[in-house]
Every structure is written in C-alpha cells, then in structure tokens.
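# Results of the structural survey
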Amino acid sequence: MSAKAISEQTGKEFLYKYICTSAAVQNRFCYANVTAQTDFDRLVQEHPWLLTERLVVKPDQLIKRRGKLGLVGVNLDLNGVRDWLKPRLMRETTVGKAKGILKNFLIEPFVPHKQEEEFYVCIYATREGDYVLFHHEGGVDVGDVDAKAKKLLIGVDEKISDECVKKELLTHVPEDKKVVLASFIVGLFNLYEDLFFTYLEINPLVVTKDGVYVLDMAAKIDATADYICKAKWGNVEFPPPFGREAYPESGASLKLTLLNPRGRIWTMVAGGGASVVYSDTICDLGGVDELANYGEYSGAPSEQQTYDYAKTILSLMTREKHPDGKVLIIGGSIANFTNVAATFKGIVRAIRDYQVPLKEHEVTIFVRRGGPNYQEGLRVMGEVGKTTGIPIHVFGTETHMTAIVGMALGHRPIPNQPPVAAHTANFLLNSSGSTSTPASSRTASFSENRTTIESSPAKKAKSGAPIAKATTLFSKHTKSIVWGMQTRAVQGMLDFDYVCSRTEPSVAAMVYPFTGDHKQKFYWGHKEILIPVYKNMSDAMKKHPDVDVLISFASLRSAFDSTMETMQYPQIRTIAIIAEGIPEAHTRKIIKAADEKGVTIIGPATVGGIKPGCFKIGNTGGMLDNILASKLYRPGSVAYVSRSGGMSNELNNIISRTTDGVFEGVAIGGDRYPGSVFTDHVLRYQDTPGVKMIVVLGEIGGTEEYKICQAIKQGRITKPVVCWCIGTCATMFSSEVQFGHAGACANQASETAVAKNKALKEIGAFVPKSFDELGEVIRSVYNDLVAKGDIQPAAEVPPPTVPMDYSWARELGLIRKPASFMTSICDERGQELIYAGMPITEVFKSEIGLGGTLGLLWFQRRLPRYACQFIEMCLMVTADHGPAVSGAHNTIVCARAGKDLISSLTSGLLTIGDRFGGALDAAAKQFSKAFDSGMLPMEFVNKMKKDGKLIMGIGHRVKSINNPDMRVQILKDFVKQHFPSTQLLDYALDVEKITTSKKPNLILNVDGFIGVAFVDLLRTCGGFTRDEADEFVEIGALNGIFVLGRSMGFIGHYLDQKRLKQGLYRHPWDDISYVLPEHMSM
C-alpha cells in the first residue's frame, strides 16, 4: 500500500519542522502524548507548559469527527485533563461500526479564538494533480466541504503562488488575513509536495492577530517514498485504523490484517487481486461474521518467508476453539512466475509444526492454486494431509478459483477425485508430430478470415497538441527492448514467440547499466541465439530503430529516471513498467509526459499484458504449459483488461475454458494511478475488428469504471462488455481494510465495488452476481455471439514444440545427470546456510566459536567444547612468529613490491612445507607410526638416525630445554588438563628427553606438539573411528591448522608494511656472499 495514514502528532511534527512560510506558526512542538503507561510527573518535566496553559485533550487514533463524538476535552487545566481521561483511557468505545480501545491521547495548548477566525484547508492527490480546498468557515460544523469549498487544482509539475491562492481561494477572507493565509497555504502545499503527502487536512486552521494555529490535522503520506524521505521522516509509525489492533506486516509482499480473531474462516491467499476475490466470495456466501483475517503473499516469497507467514496465521487460528471447527483456505490465481511448489514447501513445514493444534481445533484445509510447478505443490500439500491426518482438499486450474470457498462453507459438495490437469512437463509433447505450424493459421483473430492485423501507428496531432496514442499496441512484428537483466523473463518471451510461430524474436536487445556492452545467450526453439546487452539506452535505440516497446524491470528506485529517459526517444510507443512501489508523485509525472508524447504506459506494479499469437510482456501468462493450456499461442475473440497480474492469468484460464480464447489482455497494475486506465484499453478493443467481446475485471477504489458506463451510454462502446468489480466485501467490514493493491481503497461511496457493479449493470454491461459466476456469464455472452454468427470458431491447430530448459526439467524431476562436484560440508541453496547439517543460526546460538565452525567444515563433526578451544588455541599460537621466518619475510618483500593482499599472502604461504611450518602432518605421521608399531622411544630415535632422516617436530633454532617455548607450555598445560588421553603426546615427550640429552635445542617444537596432540584428540574425543582419525592425518588436515593460523600473521605483516608505507625492498650487498667460479673472476 502506498498512501498510509499517520497520527496527528506525526503530521504536526512534520509541519512544524519543515514548513517554510512568512506566516507566524504558533505553538510549534507544543504537544504531549499520553498512554496508559504515561508518568505525569515526568511528562510535566518534559513539557513545563502543561502547568501554565489551558489545555485541549483528544484521542490520536485516526478517528474522524472527534468533536461530534464528544471525544475532545477543551479548556482544561492538567488536573482537569487527568479527570477527563479517567473514564476514557483504555476503555472501549464505538465509532461508526468499529469498536476499539482508546489508548493514545494528545494534549495541546487551548487556543482562545472567535468563530470567524476558523478556516478549513485540505490538499489531496488526484491523477491530474493536487487539489487545494479552502473554506472561509472551519470547525466541527463545516459540513460538506466538497460542495462548499473553493478548489484550486495544481497540475503535475506546476507551481503554486500566493497570487493564485488569493485569487482562487481567498475571495471570502477578510483583507487583513489574506497575506498570512496565502503564505501559509503556499508553504503548506510545498511541504505537502516535498514530504510526499497524499492527503493533508487542517480543520480548523485558526488565524488570529498573533499568527496561525494548527488545531486539528489529518494526513496520509506515500509510504513508498521512504527511500527518498527517510532523512526527514525518520522512523514513521503507521497506526492501524480505529477498531483494529496493530499487527506488523511480515514483509513488503506478505500482508496480514486481523478482522476477527475468533472467526472460523481463515485465509492464506497468493496475490493482491486474488486475496480480494476470496474475501468477496466468503462474504457473498454469508461468511462475513466468521472471516478472521485478510492477507496476501506475493512477489515470489522464499520458502522461509512463507513458512514464517503461515506459522503466524496457524498460531493465530489455533488460540481459541470454535464449536464448528475451523477452515483454512489456501488459495490463489494462476501464478505468472512464482514457483508454486517452492512457496508451498514453507506452508507444508508450518502445517507439520502445527499439526497437533490444527487437529485439536478441527481445522479443515482447502487448497486451490495454479502456476509454475503447481502440480508438485499440490502433490506435496495432499501428501502432508495424509501423513498428518489433517483433512486437506487440493485442487488445481481445472477447478474454478473460488469454488473451494463454497466447499469450505458447505454450499457445494467436495469432489472425491478432482480431474488432474496436464503436468507442467506435458508441453514437451506434440500430438501432431510436427515441429512447426504454418504461421498464417494463427496470426489474426481465431474467429476471423485470417486477415493480418498490423500495428496502427499513432495519429499525427496538430502542432502543440498531445500526440494521439496507437490503437494497436502489439503485432506479430513488434520488437522490444528489455531494461534489466531479466533472463528468465526474456527466455519466456522467446519461447512464446516460437510457439506462436513468429519468424523472429520479439526481444531485440537488453539494457543493463551495471555491465559493459556484451551479448547474452538465449534459446530460440532448439537453437542458441545471442541478444545484445547495452550499458546505456541511447546505444540500444540507435542500433535498433525498429523497436517500439520498452519493458522495464528497473527497480522502484530507478524506474522513474529510466522511464523518463526512455520517453526521450520518439520510436518508443509503449512502455511496460513492472516495478511495484514507485511513489505516486513520480508515477503522475510519468503519466503526464506519456500523455504529451502519445506513449501508452502499462503499469506500474503489473505483470504486463499478452496478445496471443503476437507478443507477450515479460512473465505474463506464466510458463509454456499455461500458455498452451489457455491457448495463448493463437488469438481468440475476447479481449480483457484487469488491474491484477495474477487475476489476468486467471482470466486467461476462464476465457479459454468458456470461449474460443483471448485476443488481447492487459493488466494495468494495482497502483492508485496506473499509467493507462480501463477505458484506454476498452476503447482500443472497441476499435479493433478482431475483438468481439470485452471483459473488464474492475476493483474497489477510483472511478474509472464509471467512464465505461458513460462510453456505453454514449454509444462509444457497442460490443458486449462483461464486467465485475472486486472488493464487494469492503462495505461489510466494520473498519477500513487496505487490500493488496495500493489503489484498492474506497474514499467515498461511489468508489465501492458494490456501487460500481450496480452502475455497470444498469447501463447494460453483463455483470455476474459474484466472481464465482463470472465464467458462466462470459460463456453465455460468447454463445450468443456464436449463435448470431458474429463469432465463427475455427479448428484448433497444434503449436510447434519448444524444448524444456534443463534447469526446469531438473526442478520437475524429469531428468537426472551425474554431478560434476560432490560436497558434504556446506549447503547454501536453501533459505539458510548450513554447515555440515547445522543451520548458521544454530551455529551462532550454540556459541561453538571458530573452533567449532572449523570442526564442522573440516571434520564434519560437532566437536566437544575442549576440542574447539584447543583448535582456537592452536590458531592463536601459530598466528605469527616474527618477520624473520621465511613465510613472513616473503610476504613483506611482496608487499613492499607493491603487490596486493592476495599476492603477498600467497607468496608467504608458498614457503610452508616440511622445513617451515608444514611439519604438523609429518610429525603426526612419524610419531603415530612408531607408537602404533610398538617401538620404544629410544628405538625410534636410533632408527631415524640410522636411516639418515630428521624427526619432524623436533628441534628449534632459538628455543631449547633451558629456554622453553611458552607456546608449547601453554598448549601442554591445557591438553594435560582436558584431553581424555595423551598417549601419543607422552610418547613424543619421552622422545624429547632422549633428543635434548644430546643437544638442548632438540625440543618438541610447536609444530610437533600440535601434530601429536591433534592425533590424541582425533583418536580419543569419541567423534571418530580409528580409521577416520588416521585418514584426516593422511590427507593433510593438520597442516591446515598452521596454514590458517599463520595466514593471520602474514596478513598482519602485509597491512603493517602498507601502513608504514615501506618502499621496494632490495637485499643489501654486504649480506650476500658472492662466490663466482675462478675463471669468471676479474
């Protein structure tokens, strides 16, 4: 949702902070907030004026007409305020239909004034600009301001001025107040624009000789502008409508509104449009009093997100039992791009976790879904019902979307075995056996005499006038540029092109500013092709002058700039903006520029549109199985327009099952100000010969549907129009509900879905009784057209086959292949990183530290705590041994030669071997072999001497028996205290006694100590078999300890040299002994 109401306190804080006006705004920041937890002594310390001023107190909870409801205490002292609050604070009250608790109050200074000093001012956003309403009489009895007030429209990108305000709004204001009011209104409007308000009302605005007082204020801001206004807004809290408890949304695309926590009907619906349709149907079938929640999940949420969302709903619905049991409706339209099976995994996990309370509360679950991989999703959902014993009924695209509501409420029988739709993989099969289809058989409308319909160009307008927009947006020759690296969407478009028997791809190029110019590989049927990718728009436009459509996958932050840039190129006639969450002020600027240039905008917040046999935008229509099932590879006779992307795919399904198919379909997007409106497309369809009937899926909010009524009344639309406006349930709720789409909110009675459906029916449109009956009405109108001969259904022609992508075939479990790599230590594919079977969150919760993490990744074990500590101690003692050792020396020389960190570190690491640092493995192997073979320490020493071999891990250049290595001593103390057994270490220490008796520096050094102690650890900690322990020694695991530890020191030396800004190292001559052959000397 974009426009969100803010508290009066927040609105006034914004005004006092940021308004720029010559008018003296009084009582700035004089307000105090009171809740049940308020300490009045502290409140008085923070706001001393509470003891000196007369006061006003009122609830600040989005309650309208508080004065009329007796919810304002006026002209009180602080004790009077406290007495006034006693019977009201934390008490339930009824406002309209809504019951709620009064819990948040605002105290402000009382402003004595006369009635004639009260004024009314309001600013609100519309598609064409912002209206400023002003009335010279304000206050509680202002009445119908829409009828009374003076109105001034400030168009998009236009500026407001004092003179204009005085002339248009202040005609009934006394002369001595005009200057002050004009300055304040101009300042207020600029504040409204700068802080992305969508609604701002002050009533009354009091103007006295001392200045301007803002008494009561109501406001909404565009929440999507957070990324622009964060610095000024700070952390804004959006209070819920009165009568509903605040419940945090689970994320941008996971919405949840609690309506009745004790209700028995709960929903978990995918998609903004579908969520409204399900709520409508529940209410139509008499379930309004039992409907517990409204919500939706959309935008391809991850498994973890859907798990958390489902868990929240299941937790809420299993808190109180209902005598009739409960039902959970997991519904949705046919997804365009969401992997249904992937999202269902999260829901299935939640159902398993809550299976006991679900059975205790006698919950029955009804599931209906379609889209990519939906069959697997339904199978998994059905399977969890069987294994848990929870009654779960699953249905796919063969079942009407809302049929499960009737089943859940007992209005229609539950089929024992619903028909099974074709599997996602079935589009591989071609019943005709041919690999291509004559293109001419599917280029025009399915009911026409195969006449080719080309794109009609935009008509030339008179100089200075806006350019007229094209009637035909897409043809079989349409070429597009895709903004954004959306390879999956592009491949989907190319597969659609191929199955429609287009002669060449509809995507000419891609634009992606974050890489250099290059070519991207795609499939065209069985062949591989290259599509150019450009860094900037101008290059793409110059090299592809035949492109007239841009499909923008730009993010909500960059969509505005990239769209405005695109409109500088006259060749572009249509732009589809996919991004959701573009600020409304930006969208209105896009609309204005598009209208001036004759460009058709589809979106924002849309999946796009589709013209069967010709062109599809991005992910519209879903995967190829749905394209084929809904016969979108060739034109039909029915054109539709909807707001919702998911519901547009549902319309594809409904229309294909009840008529000869879709001619064209557009989802204009769910925002309050879509780039093109219903009538733009309905009038195009009226003027398109191939379209024989029109379907409109309208929505609560806005008044666009009335323009269709007007066009039918005036005879501008003569083709049959089937129309249904979703959101009929809104009038049945006690408090305002913001549905999934930003524009789905009625601000007046005429904007309700019920009022619009009534008006459409009265004017002659075909309006069903509910969405449940939409398909039957479409079928009836279509059959009448066939009976009249307006439509002549043609024989089906099978489309060419398109191979399935390897990745998707693997997802569906249709193929297998041997993996190139195997790994058993880490898995990053799921929602959470997993180390050797342990989720990363658990790694941190368990506080296993670096040693424990190394145990998971190196040894695939959860090691005992003492083992983890020993590993960390080893890393600490091996971290560094000064700059003189070969590895550190090499690192320093490399760093001083100007090399980077990786090169310098590698230079040092390459010196590690048997003679420097790499003795851990060798020592472990030598001592283990001797000990295991039963050799006495003296025999071992004598044998090594006889064989002429050094004993690895014995000896030190500096340390000796008289100057012991404290690193070894620290480790020895720890090992002796914590290890269950130290047999090999004891053996090595006995060897040390023999070697040091010969020479005092032949001690067990740190490498040798770690090597033998690690063998003791692996053999005795209880986590490894003897063979496993020996294998880790054999494959070099112990040297890894030195490599990892010493890397820390090498990096330290590199950083040290860079910090000291040391120059290129050159070894001094006097430290080199030059020994040349005799005959070469001078």
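Model, not experiment: these values are computed from the prediction.

### A few points about the overall build of the protein
Helices and strands together make up the secondary structure of the protein, namely 36 helices and 35 strands. Along the first, second and third principal axes, the C-alpha set of the protein runs to 115 × 90 × 80 Å. Sequence separation of 24 or more characterises 73% of the internal contacts of the protein that already satisfy a separation of 6 or more. The protein carries 122 positive and 118 negative side-chain charges, and their two centres are separated by 3 Å.

### Section: unusual backbone geometry
Looking along the chain, the bond that leaves Asn203 and enters Pro204 is cis, with omega of 0°. Counting through the fold element by element, Pro204 comes out in strand β11 (residues 197-208). In this structure, Pro604 follows Gly603 across a cis peptide bond, with omega equal to 0°. Secondary-structure assignment places Pro604 in the loop between β26 (600-602) and β27 (609-611). Of note in the backbone geometry, Phe29 takes a positive phi value of approximately 60° without being a glycine. Of note, the phi angle at Ala836 is positive, near 45°, even though the residue is not glycine. In this fold, Ala836 is placed in the loop between β34 (834-835) and β35 (838-839).

### Examining the pairing of strand β20 (residues 480-483)
A two-sided burial pattern is seen for β20, the buried positions comprising Ser480 and Val482 on one face and Ile481 and Trp483 on the other. Read from β20 through helix α14 (residues 487-499) to strand β21 (residues 507-511), the crossover connection turns out right-handed. Sheet topology places β20 next to strand β24 (residues 549-552); four bridges connect them, and they run parallel. Following the sheet pairing, Ile481 is matched in β24 by Leu550.

### A few points about the environment of Ile228
Examined against the element boundaries, Ile228 turns out to sit in helix α7 (residues 226-233). Relative accessible area serves as the criterion here: at 37%, Ile228 is assigned to the partly exposed category. Expressed as a C-alpha distance, the spacing of Ile228 and Val1006, which sit 778 residues apart in the sequence, is 58 Å. Among residues more than four places away in sequence, those in contact with Ile228 are Phe196, Pro583 and His586.

### What to know about the packing of helix α32 (residues 966-978) against helix α34 (residues 1006-1020)
The N-to-C vectors of α32 and α34 enclose an angle of 20°; their axes lie 9 Å apart at closest approach. What the angle tells us is that α32 and α34 run roughly parallel. Handedness of the α32/α34 crossing: left-handed. Residues Arg967, Val968, Leu971, Lys972 and Val975 of α32 form the contact with α34, whose participating residues are Val1006, Phe1009, Ile1010 and Ala1013. By residue class, the composition of the contact of α32 with α34 is seven nonpolar, no polar and two charged.

### Some words on the packing of aromatic side chains
Summed over the entire model, instances satisfying the criterion amount to 23 aromatic pairs. With a centroid separation of 6.0 Å and 85° between ring planes, the pair formed by Trp84 and Phe105 is classed as edge-to-face. You can see Trp84 sitting in helix α3 (residues 78-85) and its partner Phe105 sitting in strand β7 (residues 105-109), a full 21 residues away along the chain. Comparing Trp84 with Phe105, the two get one shared label, buried. Relative to Phe615, the ring of Phe474 lies with its centre 4.9 Å away and its plane at 20°, an arrangement referred to as stacked. Taken as a pair, Phe474 in the loop between α13 (403-408) and β20 and Phe615 in strand β28 (residues 615-616) lie far apart in primary sequence, 141 residues in all. For Phe474, a relative accessible area of 1% gives the class buried. Phe615 gets classed as buried once you look at its relative accessible area, which sits at 0%. Linked through ring pairs, Trp858, Phe859, Tyr866, Phe870, Phe979, Phe1014, Phe1024 and Phe1032 together constitute an aromatic cluster. Positioned above the aromatic ring of Phe40, the side-chain terminus of Arg82 is 4.3 Å from the ring centre.

### Things to note about the pairing of strand β15 (residues 265-270)
Of all six residues that make up β15, six are buried, and the element is covered over most of its length. A two-sided burial pattern is seen for β15, the buried positions comprising Ile265, Thr267 and Val269 on one face and Trp266, Met268 and Ala270 on the other. Looking at chain direction, β15 and strand β17 (residues 326-332) are connected through six bridges and run parallel. Across the sheet, the residue bridging to Ile265 is Val327, located in β17.

### Things to note about the environment of Glu158
Along the chain, Glu158 falls in the loop between β10 (150-155) and α5 (162-168). Counting along the chain gives 29 residues from Glu158 to Gly129, while the straight-line C-alpha distance between them is 8.6 Å.

### What to know about the packing of helix α33 (residues 983-998) against α34
Relative to each other, α33 and α34 sit at 150°, their axes nearing to 7 Å. When the axis of α33 is compared with that of α34, the two are roughly antiparallel. Here Gln983, Leu984, Leu985 and Ala988 of α33 come into contact with α34, specifically with Phe1009, Val1012, Val1015 and Asp1016. Partitioned by chemical class, the residues of the contact of α33 with α34 number six nonpolar, one polar and one charged.

### Section: a nonpolar patch on the surface
Together, Trp1069, Ile1072, Tyr1074 and Leu1076 make up a nonpolar patch on the protein surface, roughly 490 Å² of accessible area in all. With respect to the helices, strands and loops of the structure, Ile1072 is situated in the segment after α36 (1037-1059).

### With respect to helix α17 (residues 584-597)
The terminal C-alpha atoms of α17, which comprises 14 residues, lie 20 Å apart, in line with the 20 Å expected from a rise of 1.5 Å per residue. Gly598 lies just past α17 and shows a positive phi near 70°.

### Some remarks on the side chain of Thr620
Here Thr620 lies in the loop between β28 and α18 (624-629). You can call Thr620 buried: its relative accessible area is 1%. Once residues lying within four places of it in the same chain are set aside, the contact partners of Thr620 are Asn336, Val607, Gly608, Gly609, Ile610 and Ile627.

Criteria and cut-off values
The written sequence of each chain sets the order in which its residues are numbered from 1. Per-residue local features of the predicted model are confined to residues with pLDDT of at least 70, and side-chain atom pairs are confined, for both listing and counting, to 80 or more; whole-chain, interface and lining totals are unaffected and use all residues. Excluded from the side-chain calculations are hydrogens and water; all other atoms, namely the structure's heavy atoms, are used. Helical segments are the DSSP runs of H or I of at least four residues, strand segments are the runs of E of at least two, and each set is numbered from the N terminus. Throughout, a residue-residue contact means that at least one pair of heavy atoms, one from each residue, lies within 4.5 Å. Positive charges come from Lys and Arg alone, negative charges from Asp and Glu alone, with His and the N- and C-terminal ends not counted. Charged groups are reduced to one reference atom each: NZ for lysine, CZ for arginine, CG for aspartic acid, CD for glutamic acid. Under the scheme applied here, a residue whose accessible area is under 20% of the maximum for its type counts as buried, over 50% as exposed, and between as partly exposed, the area being computed with a 1.4 Å probe on protein chains only. The crossover handedness rule: strands pointing away from the viewer, path from first strand over the helix to second strand clockwise, crossover right-handed. In this analysis, strands are considered paired if DSSP registers two or more bridges between them. To get an axis, fit a line to the C-alpha atoms, keeping to the stretch in contact for a helix; angles then go from 0 to 180 degrees between the N-to-C directions. Here the angle decides the label: under 35 degrees means roughly parallel, over 145 means roughly antiparallel, 65 to 115 means roughly perpendicular, and every other value means oblique. Put simply, a crossing is left-handed when the front helix is turned counterclockwise from the back one by less than a right angle, and right-handed when it is turned clockwise. When residue character is reported, Ala, Val, Leu, Ile, Met, Phe, Trp, Tyr, Cys and Pro are called nonpolar, Asp, Glu, Lys and Arg charged, and the others, Gly included, polar. Each pair of aromatic rings taken from Phe, Tyr and Trp, with Trp reduced to its six-membered ring, is defined by centres within 6.5 Å and is described as stacked if the planes are under 30 degrees apart, edge-to-face if over 60, and tilted in the remaining cases. Comment: the charge-over-ring label is applied if NZ (Lys) or CZ (Arg) is within 6 Å of the ring centre and within 35 degrees of the ring normal. The patches reported here contain residues having more than 30% relative accessible area and no salt bridge. Joining distances are 9 Å for like charges and 5 Å for nonpolar side chains (Val, Leu, Ile, Met, Phe, Trp, Tyr). Per-residue and other accessible areas were derived by the Shrake-Rupley procedure at a 1.4 Å probe size, with only the shown protein chains allowed to occlude residues. In what follows, salt bridge is the name for a side-chain nitrogen of Lys or Arg lying within 4 Å of a carboxyl oxygen of Asp or Glu. Take the number of residues in a helix, subtract one, and multiply by 1.5 Å to get its expected span.

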